[in-house]
Amino acid sequence: MRKNIEKENAMDFSTIHHIAIIVSDYQVSREFYVDKLGFSVIRENYRPDKKDWKLDLKVNDTTELEVFAPVNPPKRPNYPEACGLRHLAFCVKDVDQTVAELEKLGIACEPIRFDTFTGKKMTFFADPDGLPLELHE
């Protein structure tokens, strides 16, 4: 088990600025993240030099979700899991209520369970490309 050791002049990685994901269908993903999940748009730009869309969404006052939509991105490997981003986890006040709201929107969630280590309620659902998204109290 690693201990958190205080160092003089230690680097400060206390806040995540953004998380970037790649999607296969810009309009479908925009509808999912903005219209269904309710993230607000900060910036939305088509980048002709890269032939893709870049959508910046507000998660909170310090964190953004960057959505990139290039032409024909490679498929995400699911199982077995590959190195790289495993899932995104969002903290919510009430997992039960959030699951009910998602299901009203036609978004299926796994059964709610308790995290083995924190004892908190949690579950998973997926974005249109199968990226696992976690809800955690």
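Residues numbered from 1 in each chain as written. Predicted model: local features only at pLDDT ≥ 70, side-chain atom pairs only at ≥ 80, totals over all residues. Heavy atoms only, no water.

### So, the sheet that holds strand β2 (residues 40–47)
What counts, and what does not: For two strands to pair, DSSP has to find at least two bridges joining them. By the criteria applied, helices consist of DSSP H or I runs no shorter than four residues and strands consist of E runs no shorter than two, each listed in order from the N terminus. The axes are straight lines fitted to the C-alpha atoms, using for helices just the contacting stretch, and the angles between their N-to-C directions are given from 0 to 180°. A contact between two residues is defined here by any heavy atoms of the two lying within 4.5 Å.
Across the sheet, which stays open at both edges, the four strands sit in the order β1-β4-β3-β2 with mixed pairing between neighbours. At either margin of the open sheet sits one strand with a lone partner, and together these are β1 (18–22) and β2. With strand direction ignored, the average angle separating the axes of adjacent strands in the sheet is 15°. Against the sheet, helix α1 (residues 26–36) makes contact with β1, β2, β3 (52–58) and β4 (64–69), and its axis sits at roughly 5° relative to β3, the strand it touches most.

### Notes on the side chain of T98
Using the following cut-off: The rule is simple: take the accessible area with a 1.4 Å probe, protein chains only, and divide by the maximum for that residue type; under 20% is buried, over 50% is exposed, in between is partly exposed.
Within the fold, T98 resides in helix α2 (residues 95–104). Since its relative accessible area comes to 17%, T98 is described here as buried. In this view, T98 contacts V92 and L135; residues no more than four positions away in its chain are not counted.

### Regarding the side chain of D52
Selection rule: Distance and chemistry together define a polar contact, namely a pair of N or O atoms within 3.5 Å, with one atom able to donate a hydrogen and the other to accept it when in protein, and with adjacent residues in sequence counting only for side-chain atoms on both sides.
Relative to the helices and strands, D52 resides in strand β3. Of the residues examined, D52 reaches a relative accessible area of 5% and is grouped as buried. Only 2.7 Å separates the side chain of D52 from the side chain of R47, close enough to count as a polar contact.

### Let's talk about unusual backbone geometry
The residue K51 is not glycine, and still its phi comes out positive at about 55°. Looking at the secondary structure, you find K51 in the loop between β2 and β3. Residue classification places K51 among the exposed positions, given a relative accessible area of 54%. Of note in the backbone geometry, N72 takes a positive phi value of approximately 50° without being a glycine. You can see N72 is positioned in the loop between β4 and β5 (88–91).

### Some remarks on the pattern of salt bridges
Worth spelling out the cut-off: Salt bridge, as applied in this entry: a Lys or Arg side-chain nitrogen positioned within 4 Å of an Asp or Glu carboxyl oxygen.
The full count for this structure, using the stated rule, is nine salt bridges. Across the pair R47 and D52 runs a salt bridge, and its minimum N-O distance is 2.7 Å. As a salt-bridge pair, K121 and D96 come within 2.3 Å of each other at their nearest N and O atoms. Taken together, the residues K121 in strand β7 (residues 121–126) and D96 in helix α2 connect sequence positions 25 residues apart. We classify K121 as partly exposed; its relative accessible area is 23%. What emerges from the salt-bridge pattern is a single network uniting R43, K54, D56, E64 and E66.

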